[in-house]
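Here is what each chain is made of, one letter per residue.
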Amino acid sequence: MPEPTTGAQLVRTISAEEPRHHHHRHYSNPPDVDRALRVPAGTVIIESSHRHHHKSHHKHSHSADNSYHNQHQSHAPRIESSGSGHHYNSYPLTPRPATPVRYDPQQHRYKASKALMDHPAFHPSFLYSQCTGRKKALCIGVNYRGEPHQLRGCINDAKDDNPNPRSQPTRRNMIEAMRWLVQSARCHDSLFFHYSGHGGQTKDLDGDEVDGMDEVIFPVDFQQKGHILDDDLFKIMVRPLPAGCRLTALFDSCHSGTVLDLPFIYSASSRLRGSHVSQRARARRSSPADVISFSACKDGQKSTDTFKGGVAVGAMSWAYCDVMTRNPNQTYQHILKEVYNMTYPKYHQTPQLGSSHHIDMNRKFIV
């Protein structure tokens, strides 16, 4: 694969405002905290203005723990949904390919197959990106300052603390920024998305999750405007992409293993994990684009807010940046393994690699 060339680079960063003297904060290394939140059982926060007070864990975290009470529901609209209340509108389905296909690792190409038995469906027009086109990046860090579930390292992860109201990580700003990231995307463009903040889970209402749980991320105003569901992350950032466009995502949040709803998930051992997407959802989770997602942990795990060199950071963000800075010319396998060695077992989180297609893990990673 040709080496990437330098295109027009665009970077947009949004983060929660804090006092200027806290921009690169140094602490005396208090205990690590995880990044999880409690969410009322049965509540779909993406459609609710959720105002209850969160009980704090023994650690802060990026997860939605459905062990809390199921009340205080209201009616903020779902993304691009004309409905109200708690009923999900169905998404338009991507037609299932007429001829099922499978990946042949020996010949490094896709072949016709009689059935989709071993892997989820993928788009028949898929094309690897050469990452030689335009470059755009969106970095989001949310510390939830002043909240009982406050974090310390997320803004440092995003490398910015911008007081501009348009740069605050509200639900509206985050969604608009995601749309900005993917608009006018072309073949061989390279897009980068980084989210560092709270993450969680809530009950799956459309039947696309094998475990019955959807993953979510939390804007700074989630208690008033709601969270952002994995279904909508896919709809906003993956579905619009053309064949051959690369989106590389990095999620440093709890329960983030499948937060971008990609059909292929790999562990640090380079093994393809079992299907997490229901049979009927496989076709609509396919994409012709070259989409990669590095996640801090499995869906059932929590990620960690920690300190390195006296600076608050997310364990996953720190590990990924350190690995890529030391050696940017690595294979998918080496990157995932190195990040794994830096985060497990110390932080009790197992990084995952998600993809829109089957990956030869010995292939060189480019961005």
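As the structure is a computational prediction, the values presented were derived from the model and not from experiment. (Residues numbered from 1 in each chain as written. Predicted model: local features only at pLDDT ≥ 70, side-chain atom pairs only at ≥ 80, totals over all residues. Heavy atoms only, no water.)

Trainee: Is there a simple way to explain helix α6 (residues 332-343) in this structure?
Mentor: For an α-helix, the turn length of 3.6 residues means that residues three or four places apart are oriented alike. Helix length check: α6 (12 residues) gives 17 Å between terminal C-alpha atoms against 16 Å at 1.5 Å per residue, within 8%. Buried residues of α6: Y332, I335, L336, V339, Y340, M342 and T343, and no others. Along the axis of α6, the buried positions cluster into a sector of 165 degrees, meaning they face one direction only. Turning to α6, the residues buried within the fold contact β11 (246-252), β12 (264-266), β13 (290-295), α5 (315-326) and β16 (352-355). (Helix = DSSP H or I, 4+ residues; strand = E, 2+ residues; numbered from the N terminus. Expected span 1.5 Å × (residues − 1). Buried < 20%, exposed > 50% of the residue type's maximum accessible area, 1.4 Å probe, protein only. Arc of directions from axis to C-beta. Contact = heavy atoms within 4.5 Å.)

Trainee: Hey, could you run me through the side chain of E209 in this one?
Mentor: Mapped onto the secondary structure, E209 falls in the loop between β8 (199-203) and β9 (213-217). This buried residue, E209, is left without a salt bridge; R285 holds the nearest opposite charge, at 6.1 Å. With sequence-adjacent residues up to four places away left out, E209 is seen in contact with D204, D214, E215, D230, T258, D261 and H276. (Lys, Arg positive; Asp, Glu negative; His and termini not counted. Salt bridge = Lys/Arg side-chain N within 4 Å of Asp/Glu carboxyl O.)

Trainee: Would you explain the packing of aromatic side chains in this entry?
Mentor: The description of two aromatic rings rests on the distance between their centres and on the angle between their planes. Enumeration over the complete set of coordinates arrives at 10 aromatic pairs. With 5.3 Å between their ring centres and 50 degrees between their planes, F294 and Y320 make a pair best called tilted. Here F294 is found in strand β13, whereas its partner Y320 is found in helix α5, with 26 residues between them in sequence. Here F294 and Y320 have matching classes, each one buried. Each ring, one from Y340 and one from Y344, has its centre 5.4 Å from the other, and the planes form 25 degrees; the classification is stacked. Taken together, the ring pairs in this structure connect F192, F294, Y320, Y332 and F365 into an aromatic cluster. The ring of W318 is capped by K308, whose NZ or CZ atom sits 4.2 Å from the centre of that ring. (Phe/Tyr/Trp six-rings, centres within 6.5 Å; stacked < 30°, edge-to-face > 60°. Lys NZ or Arg CZ within 6 Å of the ring centre and 35° of its normal.)

Trainee: Where do I start with unusual backbone geometry in this structure?
Mentor: Excluding glycine, a negative phi dihedral is what most residues carry, and trans is how most peptide bonds are arranged. Here the residue pair Y344 and P345 is connected by a cis peptide bond, since its omega of 10 degrees sits within 30 degrees of zero. Even without being glycine, S184 reaches a positive phi, approximately 60 degrees. Secondary-structure assignment places S184 in the loop between α2 (171-182) and β7 (190-196). Non-glycine residue H188 carries a positive phi angle of around 75 degrees. Locating H188 in the fold gives a position in the loop between α2 and β7. Take H188: its relative accessible area is 19%, and that puts it in the buried class.

Trainee: Please clarify how the packing of α2 against helix α4 (residues 230-237) should be interpreted in this entry.
Mentor: The description of two helices packed together rests on the angle between their axes and the distance between the axes. Between α2 and α4, the shortest axis-to-axis distance is 9 Å and the interhelical angle comes to 35 degrees. Contacts between α2 and α4 involve I175, M178, R179, L181 and V182 on the former and, on the latter, L233, I236 and M237. Per-class residue counts for the contact of α2 with α4 are 7 nonpolar, no polar and 1 charged. (Axes fitted to C-alpha atoms, helices over the stretch in contact; angles between N-to-C directions. Nonpolar A, V, L, I, M, F, W, Y, C, P; charged D, E, K, R; others polar.)

Trainee: Help me understand the confidence of the model for the chain in this model?
Mentor: Detailed reading of predicted coordinates is not advised where the pLDDT is low. Across the chain, pLDDT averages 76, with 67% of residues at or above 70. Low pLDDT, under 50, characterises residues 1-8; the predicted model gives this stretch 22 contacts beyond four residues in sequence or across chains. Taken as a whole, residues 17-28 scores under 50 in pLDDT and shows 31 contacts with residues more than four places along the chain or in a different chain. (pLDDT = per-residue confidence, 0-100.)

Trainee: I keep staring at the environment of D232 and nothing clicks. Help me out?
Mentor: Position of D232 among the secondary structure elements: in helix α4. Among the residues examined, D232 registers a relative accessible area of 0% and is labelled buried. On a C-alpha basis, the gap between D232 and D261 in space is 9.3 Å, while along the polypeptide they are 29 residues apart.

Trainee: Looking at this structure, how should I read the state of the cysteines?
Mentor: Here is the idea: a disulfide is a covalent bond, and it sits between the sulfur atoms of two cysteines. In this structure the tally under the stated criterion is 0 disulfides. C139 takes part in no disulfide bond, and the closest cysteine sulfur, belonging to C321, lies 8.8 Å away. In this structure C139 comes out as buried when scored by relative accessible area, which is 15%. Considering cysteine sulfurs only, C254 is the nearest to C297, which forms no disulfide, with 5.6 Å between them. (Disulfide = S-S within 2.5 Å.)

Trainee: I keep staring at the pattern of salt bridges and nothing clicks. Help me out?
Mentor: All told, the structure shown has 9 salt bridges when counted by the stated rule. Across the salt bridge formed by R246 and D290, the nearest N and O atoms sit 3.4 Å from each other. In this pair, R246 sits in strand β11 while D290 sits in strand β13, placing the two residues 44 residues apart along the sequence. With a relative accessible area of 0%, D290 lands in the buried category. One salt bridge connects R326 with E338, and the closest N-O pair in it is separated by 3.8 Å.

Trainee: Help me understand α5, please; the structure alone is not making it clear to me.
Mentor: Relative to the 16 Å expected for 12 residues at 1.5 Å per residue, α5 spans 17 Å between its end C-alpha atoms, a close match to the ideal helical length. Of the positions making up α5, those classed as buried are A315, M316, S317, A319, Y320, V323 and M324.

Trainee: Help me understand the nonpolar core, please; the structure alone is not making it clear to me.
Mentor: Inside soluble globular proteins, nonpolar side chains tend to come together where they are buried. Counting residues in each nonpolar core, the largest one holds 38 residues, and the members touching the most others are M178, F193, Y195, M237, L247 and L260. For this core, the secondary-structure elements that each account for two or more residues are β6 (135-141), α2, β7, β9, β10 (228-229), α4 and β11. Top contributing element to this core by residue count: α2, with 7 residues. In contact with F193, other than residues within four places in its own chain, are L138, I140, M178, L181, M237, L247, T248, A249, L250 and F251. Formed by 24 residues, the second largest nonpolar core is a distinct cluster that contains F294, Y332, I335 and I359. (Core = buried A, V, L, I, M, F, W, Y, C linked by side-chain atoms within 4.5 Å.)

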